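Architecture at a glance
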Amino acid sequence: QKEVEQNSGPLSVPEGAIASLNCTYSDRGSQSFFWYRQYSGKSPELIMFIYSNGDKEDGRFTAQLNKASQYVSLLIRDSQPSDSATYLCAVNLRGDTGRRALTFGSGTRLQVQP
Amino acid sequence: EAGVAQSPRYKIIEKRQSVAFWCNPISGHATLYWYQQILGQGPKLLIQFQNNGVVDDSQLPKDRFSAERLKGVDSTLKIQPAKLEDSAVYLCASSFGPASEGLLNIQYFGAGTRLSVL
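Sequence positions are assigned chain by chain, starting from 1 and proceeding in written order. Numbering of ligands from 1 and lettering of chains from A proceed in the order in which they are written. In keeping with the predicted nature of the model, local features appear solely for residues at pLDDT of at least 70, side-chain atom pairs appear and are counted solely at 80 or more, and the whole-chain, interface and lining totals rest on all residues. Where side-chain values are given, they derive from all heavy atoms of the structure, hydrogens and water being excluded.

Considerations on the interface of chain A and chain B
By the convention used here, residues are in contact when the closest approach between their heavy atoms is within 4.5 Å. Contacts between chain A and chain B engage 20 residues on the former and 23 residues on the latter. Buried area is understood as the total, over both parts, of accessible area removed when two parts are fitted together, assessed with a 1.4 Å probe. Of the roughly 1700 Å² buried at the junction of chain A and chain B (both faces included), carbon and sulfur atoms supply 56%. Salt bridge, as applied in this entry: a Lys or Arg side-chain nitrogen positioned within 4 Å of an Asp or Glu carboxyl oxygen. One can count zero salt bridges joining chain A with chain B. The term polar contact refers here to a pair of N or O atoms within 3.5 Å; inside protein, the definition further demands a hydrogen-donor-capable atom paired with an acceptor-capable atom, and it admits residues adjacent in sequence only when both atoms are side-chain atoms. Where chain A packs against chain B, one counts three residue pairs in polar contact (both at pLDDT 80 or more). Counting from the N terminus, the helices are DSSP H or I runs at least four residues long and the strands are E runs at least two residues long. Residue assignment for the side of chain A that touches chain B shows that the elements contributing at least two residues are strand 4 (33-38), strand 5 (45-50), strand 9 (85-94) and strand 10 (100-104) of chain A. With four residues, the single largest contributor to the side of chain A that touches chain B is strand 10 of chain A.

Considerations on the sheet that holds strand 1 (residues 4-5) of chain A
All names here are of chain A. At least two DSSP bridges between two strands are needed for those strands to be called paired. In spatial order, the strands read 1-3-8-7-6; together these five strands make up an open sheet with antiparallel pairing. Among the strands making up the open sheet, the edge pair consists of strand 1 and strand 6 (54-58). Pairing between strand 1 and strand 3 (residues 19-25): two bridges, direction antiparallel. Bridge pairing in strand 3 links Glu 5 to Thr 24.

Focus on the state of the cysteines
Any two cysteine sulfur atoms lying within 2.5 Å of each other are counted as a disulfide. A full pass over the atoms with the stated rule returns two disulfides over all chains. For Cys 23 of chain A, the disulfide goes to Cys 89 of chain A, at an S-S distance of 2.1 Å. Between Cys 23 of chain A and Cys 89 of chain A the sulfur-sulfur dihedral comes to about -75°; the bridge is accordingly left-handed. Taken as a pair, Cys 23 of chain A in strand 3 and Cys 89 of chain A in strand 9 lie far apart in primary sequence, 66 residues in all. For the pair formed by Cys 23 of chain A and Cys 89 of chain A, the shared burial category is buried. A sulfur-sulfur distance of 1.9 Å marks the disulfide that ties Cys 23 of chain B to Cys 92 of chain B. Handedness here is read from the sign of the S-S torsion; for Cys 23 of chain B and Cys 92 of chain B, about -70°, the answer is left-handed. Of this pair, Cys 23 of chain B sits in strand 3 (residues 19-24) while Cys 92 of chain B is found in strand 9 (residues 88-95), placing the two residues 69 residues apart along the sequence. Considered together, Cys 23 of chain B and Cys 92 of chain B belong to a single accessibility category, that of buried residues. Note on exposure labels: buried denotes an accessible area under 20% of the residue type's maximum, exposed denotes more than 50%, and partly exposed covers the range between, all computed with a 1.4 Å probe on protein chains only.

Examining the nonpolar core
All names here are of chain A. Judged by nonpolar contacts, the single largest core of 24 residues is most densely connected at Trp 35, Val 72, Leu 74, Ile 76 and Tyr 87. Contributions of two or more residues to this core are made by strand 3, strand 4, strand 5, strand 7 (61-66), strand 8 (71-76), strand 9 and strand 11 (108-113). Among the elements that make up this core, the one with the highest residue count is strand 9 (five residues). Beyond its immediate sequence surroundings of up to four residues, Val 72 is in contact with Leu 21, Asn 22, Cys 23, Phe 33, Trp 35, Ile 50, Gln 64, Leu 65 and Cys 89. Among buried residues, those of type Ala, Val, Leu, Ile, Met, Phe, Trp, Tyr and Cys that are joined through side-chain atoms within 4.5 Å constitute a nonpolar core.

Some thoughts on the pattern of salt bridges
Residues and elements named next belong to chain B. Taken as a whole and assessed by the stated rule, the structure comprises six salt bridges over all chains. Among the ionic pairs, Arg 64 bridges to Asp 86, the shortest N-O distance being 2.5 Å. Within this pair, whereas Arg 64 is found in the loop between strand 6 (53-56) and strand 7 (65-68), its partner Asp 86 is found in the loop between strand 8 (75-79) and strand 9, the two being separated by 22 residues in sequence. For the pair Arg 64 and Asp 86, a shared accessibility class is recorded, and that class is buried.

Observations concerning the sheet that holds strand 1 (residues 5-7) of chain B
Across a sheet, strands are paired by hydrogen bonds formed along the backbone, either parallel or antiparallel in direction. Residue and element names in this part refer to chain B. Pairing in this open sheet of four strands is antiparallel, and the strands run 1-3-8-7 from one edge to the other. Of all strands in the sheet, those bounded by a partner on one side alone are strand 1 and strand 7. On average, each strand axis in the sheet is inclined to that of its neighbour by 15°, with strand direction left out of account. Summarising the sheet, strand 1 and strand 3 pair through three bridges and their orientation is antiparallel. Residue pairing in the sheet places Gln 6 in a bridge with Cys 23 of strand 3. Axis definition: a line fitted to C-alpha atoms, over the contacting stretch in the case of helices. Angles run 0 to 180 degrees between N-to-C directions.

Overview of the environment of Ser 116 of chain B
All names here are of chain B. Mapped onto the fold, Ser 116 is located in strand 11 (residues 113-117). Judged by its relative accessible area of 28%, Ser 116 falls in the partly exposed class. Considered as a pair, Ser 116 and Lys 44 are 72 residues apart in the sequence and their alpha carbons are 17 Å apart. Once residues lying within four places of it in the same chain are set aside, the contact partners of Ser 116 are Lys 11, Ile 12, Ile 13 and Ser 87.

Now the structure itself:
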């Protein structure tokens, strides 16, 4: 069973639309949640960090966290072609050793059509 | 502020050869991570250092992979001997603190080394 689940996509949205990216995780005790953006051939770049239930907004990006449902999402408003990338959800999960480590999902590929 | 530095950017080797990757973290960052990212997958943690000590190497294939961070700053990851399935991007990341939660744990990634094993 994958510990951080994302739909691989591609998710295709028209320019100017809202893109909604979803992620579920297995460890109910997780406290820190991250969204990274990764352009093709580039390294992951942090775009959002959230640790409290509810919404966190930063410019065109909104992260939403629901710990009871073990669900975190990323909304991108007014999507631009430059937002086309893979979005990685990462969660601090407790592993087999008992330690918490940042665990990534496989990513959702977003395509914004001009 | 300089970011995480990695070298080389690309490496092509034949199976059974050895290879080494180098990483220099952001200045002042105590924690350093090595990840393996296979095409189409998210990064997978191989090893985590805090200063020059190993915190977590539970997913490091120790029969062929080794890593060190002797002076608590830069680090080297080695593969010997390489297998075809080691073809991947090897990412180094660093964070300010050892905390498992919160802002101190935000990880910043280097550009990565793309390894092709033929």
